[in-house]
Structure formats: C-alpha cells, structure tokens
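One-letter residues, chain by chain:
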Amino acid sequence: MKIIPSAFFLSAGLSSALLCQAAETVTIATVNNSDMIRMQRLSKTFEQLHPDVKLNWVVLEENVLRQRLTTDIATQGGQFDVLTIGTYETPLWGAKHWLEPIKDLPASYDLEDIFPSVRQGLSVNDTLYALPFYGESTITYYRTDLFKDAGLTMPAHPTWTQLGEFAGKLHQPDKEQYGMCLRGKAGWGENMALLTTMSNAFGARWFNEQWQPQLTGPQWTAAANFYVNTLKQYGPPGVSSNGFNETLALFNSGKCAIWVDASVAGSFITDKTQSKVADNVGFVAAPTQVTDKGSSWLYAWSLAIPATSKHKEAAKAFVTWATSKEYIQLVAEKDGITNVPPGTRMSTYSDAYLQAAPFASVTLKMMQHADPAHPSVQLVPYVGIQYVTIPEFQAIGTSVGKLMSAALTGQMPVEQALASAQQTTEREMKRAGYPK
C-alpha cells in the first residue's frame, strides 16, 4: 500500500478551501451617482488583491435604493452583503442590531482620521455600524461668468432672499438659462433634504419639544412659499422630476445660473470631461436667512454590512478597502486628486488638495459648521439637520415630499400642501406613540 504524505492532505485541504473561497460572491447595493460608479470601476483592484472574492453590483436610483434596502433589512431578506446607506439609517438600524458592528479595523485604517462628526453619525453607543465612503454638506454653486456679465457679486455668505434676487436677474429661459436650479423630485432624501435645510434657515423646525409637528407655522410657510415661487418663476421646466443627478446634469450643461446642493458635486462640475462650465463655477457657503443654524446639512454615504450577510468577512474586507486611505490614493492616481471621495478624512484636506480643488475649502467649512444636535434656532427633541432621526421620518418625509412636489406643479396651493402635510405627520406620530 502506498503511503501518502500528510503534507498532501494539507495541500489538498488548502486547495479545497481555496476553491470554496473562489466561489464567494459579495453582493453590493449602491446608488447610481458618479462616485459610486467610480468605486465599481476601481473595484477591479480589490478583486485582484482578493482573488477569492467576486463582487456583484446592484446599482439603483436613490429613492429606489432606499426603498429596496429598507424592505430587505426590515424583513431580514438577506439579498445583500454590503449596503450603501447614510447617517439617517445607520444609527437606527444599528440600534436594532440589523447591521454588523464594525470592529477590529487594522491600525493602517486610521479610524481617528475620520471626521468626528461623521464617526458619531454612524455610531450607536460609540460602536460604528458603517464606514463612510464620502461625506457632504451643502454649498452654493454659481456661474461666475454670468454674474460678471450682469455686474453682480455673490457674497461669501448669501441669504436665500439674495439668491432669489440674483435668479430673477439671470433668468433667460429663451436661452435655456434658468435663474435657479434646486431639487424638486419627491423623496425624504431628495426635495425634502433641500427644503428642510431651507426651512431651518428660515427659523423652522419639524417638531416642537412635545413632538408636535410645526409644518403650518410661519417659518415653514415662508420657506415653502419661497421655494415654490422661486422655482416656478426662475427654475427649469419639469423641476418636479429633478433630483440630485438630474440637477447636476442641468448645471453641467450650462443651464443653471445658481444651484444649491450637496458639496460632493464640486468635483463633477469642475471636471471638463463632464461639465461645459468647469472654468466658470464659483463656490460659497450654503444660504442662510434669519439664522445659519441647520442651513447646511451633514451626510455621509456609507457602507454597512447587514446582519443577514453570509459573507461578512469578505464584505468587511471590501468596505474597509473602499473607505481607506489607499482607496483615496488610488482615485487620485487614476482620476486626479480633485475626484477623491470628499468629506470623510481629515488627511484628505492637505494643502495639495485644497489648492487643486476650488470647492474643498468651502466644503470643509460647511462640514465643520453643520451641527445635527442643534438643527434649528428653536429647541427640538430630535437629532438631524435635513431629516429627523426617528424610524417614522422616512415615511413622513416621503409623504410631505410628494405634497411639496404637488405644490410645485400647481396641483395645490402651498398652504394646502402644508396643511395636508401637518395632518399626515400628526397622524403618523400619533400612531407611533409620540411623545415617547
């Protein structure tokens, strides 16, 4: 009988294990914006480093992504191994133990390099439940050439009223040049993200200290009327269909004089391969009105691992890689330093980046200014600037967003939309048992 060396079995065992590992597929659900599409393209580097892991991508429009992930996580469907979620979902889902805690990161990851406010927004009781891919606040983009030609000067800290006046002077629809472009697409993370920060600037709040909705108050009424009237008068046609991506495309094609939105757009509108106005864009702070409290949001698109994942270690390896300093360096090498994921790491804001990226210093100031614990000039019982960090807000914000979109298209007056929003919100909060 032939004696087979024990080393053979060891080798055979390793080969078998490697074959098993080779079949491991990590399914990633993400949003269809440029940074995430870049991540998908560059992930070939991760697969080369981890030949035992295959990445399967599910790329969805923002509202659809949120609906799919919320349904999957709440029903424990287990369709995905990596979720692209934000600072709204992460603490809520983490507290329910729907997400895997992110622990034991390698020292090279340098967790202390992540902005403290971003880390806090992705944590429950000091435990991280997601790693930030990019962070953002709100800034004002404007066409420097159009302002110069019209003899206008954009202040470093404009008010919404000032922006409305500028929009009126720069609105030339016969030339497909629109005074102001803003989000109009219904959704708690679409039009309501913008409208909530605008309302905060007008001195509004979602709820008083007894959790009673305040949507028919004078502050919300003033903000909503400004929003609807300005977009009706000086906005592009079909604005109720425009979310972040659609408005970005309008600005890049030269059709918007002013745009207020996420700071992450800075790298896209200064990229000559996708922006016709790359050389004629200015960047200033998010607009204020009666206050600057809550006038600019704080958000981080982040990568989390659901508790239902069957490939947690491989998923963790991916989210660690995609949010690392090494990934940021990879983007800088492949696509240029101005395209690195912004708003997550302090080390990103080097002199080289600040000099190369004209939007970087404003983004940094806005992120440092944003304070989710104090989103309104009035006292509030909640945390969150452009949203309220309670499970019920996703449904409430989406319902109110549809009503505001209806006001935008002229289906109902602003006051009627707000009255309906107040009733809907009161009903949802009562059903949920607030105050708790």
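Scoring rules and cut-offs
- Residues numbered from 1 in each chain as written.
- Predicted model: local features only at pLDDT ≥ 70, side-chain atom pairs only at ≥ 80, totals over all residues.
- Heavy atoms only, no water.
- Helix = DSSP H or I, 4+ residues; strand = E, 2+ residues; numbered from the N terminus.
- Buried < 20%, exposed > 50% of the residue type's maximum accessible area, 1.4 Å probe, protein only.
- Contact = heavy atoms within 4.5 Å.
- Axes fitted to C-alpha atoms, helices over the stretch in contact; angles between N-to-C directions.
- Parallel < 35°, antiparallel > 145°, perpendicular 65-115°, else oblique.
- Left-handed = near helix turned anticlockwise from the far one by under 90°.
- pLDDT = per-residue confidence, 0-100.
- 1 Å grid on protein atoms, 1.4 Å probe; cavity = no way out; pocket = protein on both sides within 12 Å on 5 of 7 lines; lining within 4 Å.
- Points joined across faces, edges and corners; volume = space filled by probe spheres on them.
- Nonpolar A, V, L, I, M, F, W, Y, C, P; charged D, E, K, R; others polar.

Caption draft 1: Main features of the side chain of N339. Within the fold, N339 resides in the loop between α13 (325-335) and α14 (351-356). Taking relative accessible area as the criterion, N339 reaches 6% and is therefore assigned buried. Leave out the neighbours within four places in its chain, and N339 touches D35, R38, S267, D271 and V331.

Caption draft 2: Main features of the packing of helix α9 (residues 218-234) against helix α17 (residues 414-431). Interhelical geometry of α9 versus α17 gives an angle of 130° and a closest axis separation of 10 Å. Comparing their axes, α17 and α9 come out oblique. At the point where α9 passes α17, the crossing takes the right-handed sense. Packed against α9, whose contacting residues are W220, T221, A224, N225 and V228, the element α17 presents V414, E415 and L418 at the interface.

Caption draft 3: Inspection of the confidence of the model for the chain at higher detail. Chain-level pLDDT for the chain is 94 on average; 95% of the residues reach the 70-or-more range. Ignoring residues within four places in sequence, the model shows residues 1-21, a span with pLDDT below 50, making two contacts including any to other chains.

Caption draft 4: Just the layout of surface pockets, in detail. Of the pockets and cavities examined, the largest pocket occupies roughly 410 Å³. As for the largest pocket, its lining consists of 19 residues, and the residues nearest its centre are Q120, G121, P372, V383 and T389. Considering each element in turn, the lining of the largest pocket owes the most residues, three residues, to helix α5 (residues 116-121). Across the lining of the largest pocket, the residue classes tally to eleven nonpolar, seven polar and one charged. Roughly 240 Å³ of volume is contained in the second largest pocket. Lining the second largest pocket are 24 residues, with E62, R183, G189, F244 and W301 sitting closest to its centre. Within the residue set of the lining of the second largest pocket, elements represented by two or more residues are α3 (62-74), β6 (131-136), α10 (244-252) and β11 (299-304). With three residues, α10 is the largest single contributor of residues to the lining of the second largest pocket. Along the lines of polarity and charge, the residues of the lining of the second largest pocket split into eleven nonpolar, five polar and eight charged.

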